[in-house]
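Now for the letters of each chain:
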Amino acid sequence: MSAPEASATPKLDFFVIGVQKGGTTALATYLRGHPGLQISRRKEVHFFDEEMAVDWSAPDYSRLHEQFDWDVPSVQRGEATPVYIYWPQALERLHAHNPAARLIVLLRHPALRAYSLWRMSWQREIENLPFDRAITVEGSQRAPEDPDRYHRHFSYIERGFYSGQVRRLLSLFPANQVHFIRTDQLWASLSATLSGIETFLGVAPALGREAELLYILPKMRRRRQVEQDVPPTDTRRYLDALYHADIAETARLTGLDLSDWQSPDYSEPMQPR
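Structural notes, computed from the coordinates.

Criteria and cut-off values
- Residues numbered from 1 in each chain as written.
- Predicted model: local features only at pLDDT ≥ 70, side-chain atom pairs only at ≥ 80, totals over all residues.
- Heavy atoms only, no water.
- Bend = angle between axes of the 7 residues up to and from the residue.
- Helix = DSSP H or I, 4+ residues; strand = E, 2+ residues; numbered from the N terminus.
- Buried < 20%, exposed > 50% of the residue type's maximum accessible area, 1.4 Å probe, protein only.
- Contact = heavy atoms within 4.5 Å.
- Salt bridge = Lys/Arg side-chain N within 4 Å of Asp/Glu carboxyl O.
- Lys, Arg positive; Asp, Glu negative; His and termini not counted.

1. Some thoughts on helix α12 (residues 233-254)
Maximal helix bending in α12 amounts to about 45 degrees, located at Tyr 243. Here α12 has its buried residues at Thr 235, Arg 236, Leu 239, Asp 240, Tyr 243, Asp 246, Ile 247, Thr 250, Ala 251, Leu 253 and Thr 254. On its buried face, α12 sits against β4 (102-107), α4 (110-123), α5 (131-134), α9 (162-172) and β5 (178-182).

Listed below in structure tokens is the structure:
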């Protein structure tokens with residue numbers, strides 16, 4: 001159906017704003033099955049991180065609105081674009097659109113998230129550096145050449161410093177409008193996690209009892225094989241030390257217990273089928 005008239009100034013009710021490689025595709029798929037929720041036709045609209053096609057002094061929301069059927073009554077509408085929590089000005093733009101929006105944030109162990117993003121970039125042939133080189137100064141030297149491309153595709157390390165992103169988020173939106181979830185809990189406690197989201201959004205229970213675990217592989221234009229499912233041991237130790245203090249601060253800000261993330265033996269329950 002057509003988008004509403006501009007004069008109606010409709011607003012989306014909720015957003016899944018992060019993190020990339022944090023399970024947002026699986027979560028959007030689950031939420032799409034709730035009769036009281038309407039998810040954008042395309043999973044990642046990438047509206048609030050658009051730098052060229054939107055005049056942010058007077059934004060035209062039609063590209064965002066056309067992702068929804070506005071003739072359906074009594075539903076909450078939302079979309080999932082995980083770069084929003086990381087992208088400069090995206091949260092500010094989202095706040096200008098709807099300061100009452102509810103926001104869902106999935107947080108994944110930062111070292112394993114970084115490796116997962118590198119694997120996807122490598123398999124899509126966007127990345128040509130091995131992981132241990134891509135996360136060093138050699139990898140970051142690509143930023144001055146093309147900062148937009150760097151931050152969209154090669155920001156393996158930067159995206160994992162969650163505390164600064166969370167602090168910025170909470171400076172814009174009150175804590176009762178933000179729902180933080182550990183990505184691994186989406187797999188380990190699926191029903192409880194989905195029920196918690198339903199409570200947060202204020203919709204009737206519909207998902208928790210019947211949901212089945214999903215592991216959604218990214219679509220690949222071309223595939224190159226990656227031998228290891230997890231980062232090499234030495235690189236993992238380096239990243240664990242790099243993120244140690246930030247994990248503690250993220251736990252304090254979000255109220256999540258992340259103490260097991262500080263262990264070098266931590267591993268994830270998610271396994272592709």
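2. Some points on the pattern of salt bridges
Scanning the entire structure with this criterion turns up 15 salt bridges. Residue Arg 93 pairs with Glu 51 through a salt bridge whose shortest N-O separation is 3.0 Å. In this pair, Arg 93 is assigned in helix α3 (residues 90-97) and Glu 51 in the loop between β2 (37-39) and α2 (62-65), connecting sequence segments 42 residues apart. A salt bridge links Asp 240 to Arg 236; the shortest N-O distance between them is 2.9 Å. You can see Asp 240 and its partner Arg 236 sitting in helix α12, four residues apart, about one turn around the helix. The exposure class of Arg 236 is buried, given its relative accessible area of 10%. Taken together, the salt bridges that share partners define one network made up of Asp 49, Asp 148 and Arg 152.

3. Some points on the side chain of Asp 246
With respect to the helices, strands and loops of the structure, Asp 246 is situated in helix α12. As a buried residue without a salt bridge, Asp 246 has its nearest oppositely charged side chain in Arg 167, at a separation of 6.6 Å. Asp 246 has contacts with Gly 160, Phe 161, Tyr 162 and Ser 163, leaving out every residue within four places of it along the chain.

Remember, this is a structural readout, not a statement about activity or role.
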